[in-house]
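Analysis of the macromolecular model
Here is what each chain is made of, one letter per residue.
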Amino acid sequence: MTDSLIDWPGAPGTARPRVAGAPAWQAGFKATPEAFRVDEDLGFEPIGAGNHWLVRLEKRDLTTGALVDRVAAITGTRPRDIGLCGLKDRNAVTSQWLSIPHETFDPETFEAACAEQGIGLLAMDRHDRKLRRGIHRANRFRLRLHDVTPRPGENATSLADYLAGRRDLIAARGFANYFGEQRYGRGFSNLEALREWGQGERRGSPKRAARTWLLSTLRSAIFDRVLADRLEQGTITTVLEGDILRLAGSRSRFLAEAGEIDALQRRLEAGDLCLTGPLWGETGTQAGAAVGERETELGQAMLERWGRESWERRLVQWRVEADRRPLTVAVPDLAFEIGDGTVTLSFSLPPGSYATELVAEMFDPLA
């Protein structure tokens with residue numbers, strides 16, 4: 001069953017098309033939590049007053065959900081009243097900010113409890129509002145890869161030259177902004193659940209929590225399929241009529257119209273704009289002209305896999321709005337250090353982009 005779930009271009013667990021082409025080197029990844037370090041860059045400072053406490057916590061080999069549960073138990077706060085910007089990897093050492101209502105928070109008690117439970121307390125201060133998903137500026141990564149070797153059969157250039165070339169290309173053109181494999185569940189179980197719900201093997205309507213991850217999986221799969229198609233067609237760096245473009249560093253978007261293509265192409269190459277792909281909703285895609293037609297064709301084909309009529313009905317019932325996501329993400333601060341069989345990468349990514357996908361632009365995983 002698994003093979004049939006991922007037999008489409010861009011599927012997780014497959015050789016996804018890449019902006020830079022197939023990697024010439026391979027490496028092992030995440031040997032220990034210390035080999036994967038991520039620090040949340042909030043982008044602003046607590047104001048020192050207000051109805052919430054902001055705490056910056058460091059965790060090791062622990063999910064964000066488990067961290068929130070521990071903080072809730074320590075402070076006597078309902079987990080849903082604790083704010084956060086995003087989820088961080090379990091098999092890693094990570095730091096992130098949480099917000100806690102001031103009524104349930106005692107600084108001295110909290111500091112002592114964190115020390116007892118092995119949670120690092122890096123900072124805390126008052127703030128005027130609860131943290132929300134995706135409001136932070138970036139995530140800063142430092143990753144150590146091991147057993148770095150050329151792929152079998154490759155006439156690879158020197159590792160330093162290879163990495164410098166990939167670094168420069170990723171800075172200029174970006175990496176393929178696929179959703180990470182964790183979106184699809186262990187053993188691609190989320191894709192199987194899409195099929196079961198869509199084809200009537202599960203009766204009734206999913207509960208709210210299940211609805212969230214089912215929709216996330218559905219939209220991720222359609223986006224990844226569209227992204228792979230643009231890479232296969234060689235148009236990942238080309239503005240086409242009907243594209244939805246986003247201003248760099250902004251959420252502002254607009255439609256590419258026929259008479260503006262040359263000027264928009266120059267702005268894309270200058271890094272002022274980025275191309276986007278669909279996050280599917282009740283109206284399908286927001287793109288126009290041939291781009292919209294192609295995205296609709298691919299989206300409909302993906303929906304057919306899991307029960308198109310059922311999922312189209314649910315998208316309408318649940319009032320799921322169509323949205324867009326950048327197809328590629330440029331990384332101007334990517335740096336590398338070469339050791340004895342190791343490479344350490346450091347870089348920053350915007351919220352919602354996956355470090356594992358940037359690594360995959362540079363290295364194949366060890367078999």
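Here's a quick rundown of the structure. (Residues numbered from 1 in each chain as written. Predicted model: local features only at pLDDT ≥ 70, side-chain atom pairs only at ≥ 80, totals over all residues. Heavy atoms only, no water.)

**Structural notes on the packing of helix 2 (residues 64-75) against helix 3 (residues 107-117)**
Applicable threshold: Orientation is described by lines fitted to C-alpha atoms, with helices fitted over the stretch in contact, and by angles between N-to-C directions that extend from 0 to 180 degrees. Strands are runs of DSSP state E lasting at least two residues, helices are runs of H or I lasting at least four, and both sets are numbered from the N terminus onward. Roughly parallel here means an angle under 35 degrees, roughly antiparallel means over 145, roughly perpendicular means 65 to 115, and every remaining angle is called oblique. By definition, any crossing whose near helix is turned counterclockwise from its far helix by less than a right angle is left-handed, and any crossing with a clockwise turn is right-handed. Residues are treated as being in contact if the distance between any of their heavy atoms lies within 4.5 Å. Under the grouping applied here, Gly and all other residues not named as nonpolar or charged are polar, the nonpolar ones being Ala, Val, Leu, Ile, Met, Phe, Trp, Tyr, Cys and Pro and the charged ones Asp, Glu, Lys and Arg.
One can describe the packing of helix 2 onto helix 3 by two numbers: an axis separation of 10 Å at closest approach and a directional angle of 135 degrees. With respect to helix 3, the element helix 2 is oriented oblique. Read as a crossing pair, helix 2 and helix 3 show a hand that is right-handed. For the pair helix 2 and helix 3, the contacting residues are Arg70, Val71, Ile74 and Thr75 in the first and Phe110, Ala113 and Gln117 in the second. The residue makeup of the contact of helix 2 with helix 3, split by class, is four nonpolar, two polar and one charged.

**Observations regarding the packing of aromatic side chains**
Put simply, the test is: Between the rings of Phe, Tyr and Trp (Trp by its six-membered ring), a pair exists once the centres lie within 6.5 Å; its type follows the angle of the planes, with under 30 degrees stacked, over 60 edge-to-face, and the other angles tilted. Buried means the residue's accessible area, taken with a 1.4 Å probe over protein chains only, is under 20% of the maximum for its type, while exposed means over 50%, and partly exposed covers the values in between.
For the structure on display, the rule yields 10 aromatic pairs. When the centroid spacing of 6.4 Å and the interplanar angle of 35 degrees are considered together, the rings of Trp25 and Tyr162 count as tilted. Highlighted residues: Trp25 in strand 1 (residues 25-28) and Tyr162 in helix 4 (residues 159-173), separated in sequence by 137 residues. Residue class for Trp25 comes out buried when judged on its relative accessible area of 9%.

**Points about the pattern of salt bridges**
Between side chains of opposite charge, pairing is possible as soon as their charged atoms come close. Note the following rule: Any Lys or Arg side-chain nitrogen found within 4 Å of a carboxyl oxygen on Asp or Glu counts as a salt bridge.
In this structure the tally under the stated criterion is 30 salt bridges. In this structure, Asp41 engages Arg137 in a salt bridge whose closest nitrogen and oxygen atoms are separated by 3.0 Å. Of the two residues, Asp41 is situated in strand 2 (residues 36-41) and Arg137 in the loop between strand 6 (120-127) and strand 7 (138-150); the sequence distance between them amounts to 96 residues. Its relative accessible area of 27% is what places Asp41 among the partly exposed residues. Ionic pairing is found between Glu201 and Arg195, a salt bridge with its closest N-O pair at 2.6 Å. Connected through shared salt-bridge partners, Arg16, Arg18, Asp224 and Glu357 make up one network.

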